[in-house]
Amino acid sequence: MKCRKCENKASVHMRQHKLALCKEHYLEWVPEQTARFIKKYEMFTPNEKILVAVSGGKDSLSLWDILVRLGYQVDGLYLGLGIDGGINYSHESQRLAEKFANENNLKLHVVDIEKEYGHSIPVLSESSHRGHGKPCAVCGLAKRHEMNRIARDLGYDVLATGHNLDDEAAVLFGNTLTWSGDYLLRQGPVLAGAEGLARKVKPLCRFYEREMTAYAIARGIEYIYDECPFADGSQSIFYKESLNLLETARPGAKLIFYLSFLEAKKAGNLFIERSVGHAHLHPCPRCGQPTSTPDFCSFCRMIEKAQTEAAE
Ligand code: AMP
Ligand code: FES
Ligand code: ZN
Ligand code: ZN
């Protein structure tokens, strides 16, 4: 098949868009589309300072690459989680994030959870008893806390993550299966900021995972192929596989699922009343970030607990 834009042979075929492009035109198309989504969902303006959370994976490194190519002021943040899993997962992902930053002359902030708080994610997970023996819940909590802390302390206007359509559709699927109204109301390409909370954006939310893989490879970005070793057997992987079955039979199903949700939400047609907001927030007495739990925020509680247990 030929490229839609030139005479060359197409190298990326996107059935869901009925579009095929050669490598060169694909590498133009991705940033063009990203710029369109940034504008459409009012994510940020060229004057704002962006912090992109990079995990060393294809999505977040590609996002960084795209935003730089579009001319935005964007620095990176890597969080060292202390996960080994027999594949040296955290070390290897940090190495690749640093390599990308060095090669492109970009600024990368590195925060190591263990150095900062005394315990790695797997150790915190053991002592907190959250998440039934899997560290993912603790890891998510720590990542959100640290991303927001760095964005706020270093004066970034907005925090960008590399979530793609497959990630977003899987979360949406999970929240729909349980009709989790609060989560559904908060899910979207942009989560508005509030006093002490950075605005969060997901500029890749309309790209299929395989589109991001194709982009990273075509750009020659070296990224970590392995998933987090704890992701194996997780619910989100099961939802992704289920949606892929649907997608195979009905190309575009995933995109329609997500976009129709956004449309329905915008039109106020979600059948969930109540408005969303950051209700009843007060500053955590330990770290100062806004929290809705009484007294210390969940993150600081977890750290306190780990420190008490370590001292015992
Ligand atoms: P995940 O939750 O692993 O699917 O990652 C979703 C997004 O969170 C990634 O695209 C990154 O933007 C960000 N992220 C995940 N892990 C890290 C990390 N260790 N350091 C910084 N950002 C991360
Ligand atoms: Fe956090 Fe796997 S537990 S990335
Ligand atoms: Zn072409
Ligand atoms: Zn706190």
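Residues numbered from 1 in each chain as written. Chains lettered and ligands numbered in written order. Predicted model: local features only at pLDDT ≥ 70, side-chain atom pairs only at ≥ 80, totals over all residues. Heavy atoms only, no water.

### Some points on the site of ligand 1
Inclusion rule: A cutoff of 4 Å decides nearness: a residue is near a molecule or strand if any of its heavy atoms lies inside that distance of it. For this analysis, a polar contact is any N or O atom pair within 3.5 Å, provided that within protein one partner can donate a hydrogen and the other can accept it, and provided that sequence-adjacent residues contribute only side-chain to side-chain pairs. In this description, accessible areas are obtained by the Shrake-Rupley approach with a 1.4 Å probe, and a residue is regarded as covered only by the protein chains that are shown.
Neighbouring ligand 1 are 13 residues, the closest being Ala-53, Val-54, Leu-79, Gly-162 and His-163. One nitrogen or oxygen atom from the main chain of Leu-79 is found 2.9 Å from a nitrogen atom belonging to ligand 1. Note that an oxygen atom of ligand 1 is positioned 3.0 Å from one of the backbone N or O atoms of Gly-162. The fraction of the free accessible surface of ligand 1 (480 Å²) that becomes covered by protein chains is 75%.

### Notes on the coordination of the zinc ion (ligand 3)
Angles between donor atoms at a metal ideally measure 109.5 degrees for a four-coordinate tetrahedral arrangement and either 90 or 180 degrees for a six-coordinate octahedral one. The line we're drawing: In this listing, donors mean N, O and S atoms no farther than 2.8 Å from the metal, or 3.2 Å for Na, K and Ca; water is missing from the atoms, so a site can look incomplete. Runs of E in the DSSP output that reach at least two residues are strands. Runs of H or I that reach at least four are helices, and both are numbered from the N terminus. A simple rule labels every residue: compare its accessible area, found with a 1.4 Å probe on the protein chains alone, to the largest value its type can have, and call it buried under 20%, exposed over 50%, or partly exposed in between.
Within the protein, the atoms that donate to the zinc ion (ligand 3) are Cys-3 (SG), Cys-6 (SG), Cys-22 (SG) and His-25 (ND1), at distances of 2.1 to 2.3 Å. In terms of primary sequence, the donors binding the zinc ion (ligand 3) are separated according to C-x2-C-x15-C-x2-H. In this pair, Cys-3 is assigned in the segment before strand E1 (12–14) and Cys-22 in the loop between strand E2 (19–21) and helix H1 (23–40), connecting sequence segments 19 residues apart. The exposure classification of Cys-3 matches that of Cys-22, with both residues buried.

### Here we look at the sheet that holds strand E5 (residues 108–112)
One key point about sheets: their strands pair by backbone hydrogen bonds, in either a parallel or an antiparallel sense. For the record, the criterion: Strands pair, by our definition, only if DSSP identifies at least two bridges between them. What makes two residues a contact is simply this: any of their non-hydrogen atoms within 4.5 Å. Whenever a helix is involved, its axis is fitted only over the stretch in contact; in every case the axis is a line through C-alpha atoms, and angles between N-to-C directions fall within 0 to 180 degrees.
Across the sheet, which stays open at both edges, the 6 strands sit in the order E5-E4-E3-E6-E8-E7 with mixed pairing between neighbours. At either margin of the open sheet sits one strand with a lone partner, and together these are E5 and strand E7 (190–191). Both strand E3 (residues 49–53) and strand E6 (residues 158–160) contribute to a ladder of 3 bridges, which runs parallel. Within the sheet, the bridge partner assigned to Ile-50 lies in E6 and is Val-158. Packing against the sheet, helix H3 (residues 89–103) makes contact with strand E4 (73–80) and E5, and its axis sits at approximately 165 degrees to E5. Sitting on the sheet, helix H6 (residues 136–153) touches E3, E4, E5, E6 and strand E8 (199–201), and the angle it makes with E4 is about 140 degrees.

### Section: the nonpolar core
The condition is simple: Here, nonpolar core means buried Ala, Val, Leu, Ile, Met, Phe, Trp, Tyr and Cys residues that are tied together by side-chain atoms lying within 4.5 Å of each other.
Within the largest apolar cluster, 53 residues are counted, with the highest numbers of intra-cluster contacts made by Tyr-26, Trp-29, Phe-44, Ile-50, Trp-64, Leu-67 and Tyr-215. With residues near it in sequence (within four places) discarded, Ile-50 still touches Phe-44, Leu-67, Tyr-72, Gln-73, Val-74, Asp-75, Tyr-156, Val-158 and Ala-160.

### Some words on the coordination of the zinc ion (ligand 4)
Rules: Think of it this way: with four donors and all angles in the 85 to 135 degree range, the site is tetrahedral; with four or six donors, opposite ones beyond 155 degrees and the rest between 65 and 115, it is square planar or octahedral; otherwise it is irregular.
On the protein side, the zinc ion (ligand 4) has Cys-284 (SG), Cys-287 (SG), Cys-297 (SG) and Cys-300 (SG) as donor atoms, found 2.3 to 2.4 Å from it. Its 4 donor atoms give the zinc ion (ligand 4) angles of 105 to 115 degrees at the centre, a pattern that matches the tetrahedral case. Judged by its relative accessible area of 23%, Cys-287 is partly exposed.

### Structural notes on the packing of helix H5 (residues 121–128) against helix H12 (residues 298–311)
Basically, it comes down to this: Small angles under 35 degrees read as roughly parallel and large ones over 145 as roughly antiparallel, with 65 to 115 read as roughly perpendicular and the rest as oblique. Each residue gets one label: Ala, Val, Leu, Ile, Met, Phe, Trp, Tyr, Cys and Pro are nonpolar, Asp, Glu, Lys and Arg are charged, and the others, such as Gly, are polar.
One can describe the packing of H5 onto H12 by two numbers: an axis separation of 9 Å at closest approach and a directional angle of 85 degrees. The orientation of H5 relative to H12 falls into the category roughly perpendicular. Residues Leu-124, Ser-127 and Ser-128 of H5 lie in contact with H12, whose contacting residues are Met-302, Ile-303, Lys-305, Ala-306 and Glu-309. Residue classes in the contact of H5 with H12 are distributed as 4 nonpolar, 2 polar and 2 charged.

### Thoughts on the environment of Lys-134
Structurally, the position occupied by Lys-134 is in the loop between H5 and H6. Among the residues examined, Lys-134 registers a relative accessible area of 32% and is labelled partly exposed. A sequence separation of 96 residues divides Lys-134 from Phe-230, and the C-alpha atoms of the two residues are 7.0 Å apart. Sequence-distant contacts of Lys-134, defined by excluding residues within four places in its chain, comprise Ser-125, Phe-230, Ala-231 and Asp-232.

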